[in-house]
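# Chain and residue survey
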Amino acid sequence: MRKASRLFEIIQILRPARKPVTAAAIAAQLEVTIRSIYRDIAALQAMRVPIEGERGIGYILRPGFTLPPLMLSIEETEAIVLALALLDRTGDTELRRAAKRVNRKIAAVVPEPLARTFSADALHAWGTIAPAPDAVDLALVRRAIRDEQKLLIDYRDEPGNLTNRAIRPIALIYYSQTANIVAWCELRNAIRNFRADRVTHCEARDDFFPGQGDRLRQVWIDGWQQPIA
């Protein structure tokens, strides 16, 4: 989790608290070290977020601090509810967990009757839930896309041939049964689509392609009819 996201999450944890929350408790929720939480609390306090407390006792957010309000119409609220429900049908485990957190957060800050929309069962996304791929973490792929970081994958194509590829991931396409990783393949020297369920191994390389993501996405968009690798 990036620092900016972590700072936001800390505020969200402290907002409903009625008694001090220890750094250890926050660290456990965010799956980071206690030392990281101490640094994050100090950073928030430096930004004049009214957090009070100290190490060993815990932290609490002084009353009166609010994030910018969400001004949503009924239709906009329903659109979010349905989008989150559709997201929950993907094979991206981390995004599915994130969708549930988003639902809870928005429901906590929007007024009635909008809040009821997030807990009601009036809108459903039906269909098969895509299984999470066995050998590739889609969260790792999404981070690599954001950070413009190369990945090394072992990929088995439709006939069953196994190849080792260094790729520059630029997009993820979610289907009802699987997800496709769109990437510049250094083996083929071209844009290729890799089905996540055919990846047998995936790891991040200590190698980046800064500034190339947007250009490669445009190459992809300009030639939509690319073959499956």
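Quick caveat, the model's predicted, so the values are computed rather than measured. (Residues numbered from 1 in each chain as written. Predicted model: local features only at pLDDT ≥ 70, side-chain atom pairs only at ≥ 80, totals over all residues. Heavy atoms only, no water.)

### Section: the overall build of the protein
On a plain count of helices and strands, the protein comes out with eight helices and seven strands. Sorting the 229 residues of the protein into buried and exposed places 39% on the buried side. In the protein, 60% of the contacts between residues at least 6 apart in sequence involve partners at least 24 apart. (Helix = DSSP H or I, 4+ residues; strand = E, 2+ residues; numbered from the N terminus. Buried < 20%, exposed > 50% of the residue type's maximum accessible area, 1.4 Å probe, protein only. Contact = heavy atoms within 4.5 Å.)

### Topic: the sheet that holds strand β4 (residues 162-174)
Taken in spatial order, the five strands of this open sheet run β6-β5-β4-β3-β7, and their pairing is antiparallel. Single-partner strands in this sheet number two, and they are β6 (190-195) and β7 (199-208). The mean angle between the axes of side-by-side strands here comes to 45°, regardless of whether they run parallel or antiparallel. Sheet topology note: the strand β5 (residues 179-185)/β6 ladder contains six bridges and is antiparallel. (Pairing = 2+ DSSP bridges. Axes fitted to C-alpha atoms, helices over the stretch in contact; angles between N-to-C directions.)

### Here we look at the pattern of salt bridges
Working definition: two side chains of opposite charge can pair if their charged atoms are close together. As enumerated under the stated definition, the model contains 12 salt bridges in all. Glu52 is the partner of Arg62 in a salt bridge, and the nearest nitrogen-oxygen pair spans 3.2 Å. Remark: Glu52 occurs in strand β1 (residues 51-54) and Arg62 occurs in the loop between β2 (58-61) and α4 (74-87); sequence separation between them is 10 residues. Since its relative accessible area comes to 38%, Glu52 is described here as partly exposed. Note that Asp92 is salt-bridged to Arg142, the shortest N-O span being 2.8 Å. Of this pair, Asp92 sits in the loop between α4 and α5 (93-109) while Arg142 sits in helix α7 (residues 138-147), placing them 50 residues apart in sequence. (Salt bridge = Lys/Arg side-chain N within 4 Å of Asp/Glu carboxyl O.)

### Some points on the packing of aromatic side chains
Within the structure shown, the criterion is met by one aromatic pair. Relative to Phe194, the ring of Tyr155 lies with its centre 5.0 Å away and its plane at 85°, an arrangement referred to as edge-to-face. One end of the pair, Tyr155, is in strand β3 (residues 149-156); the other, Phe194, is in strand β6, with 39 residues separating them in the sequence. Looking at Tyr155, the relative accessible area reads 0%, which means it is buried. The ring of Tyr38 is capped by Arg55, whose NZ or CZ atom sits 4.1 Å from the centre of that ring. (Phe/Tyr/Trp six-rings, centres within 6.5 Å; stacked < 30°, edge-to-face > 60°. Lys NZ or Arg CZ within 6 Å of the ring centre and 35° of its normal.)

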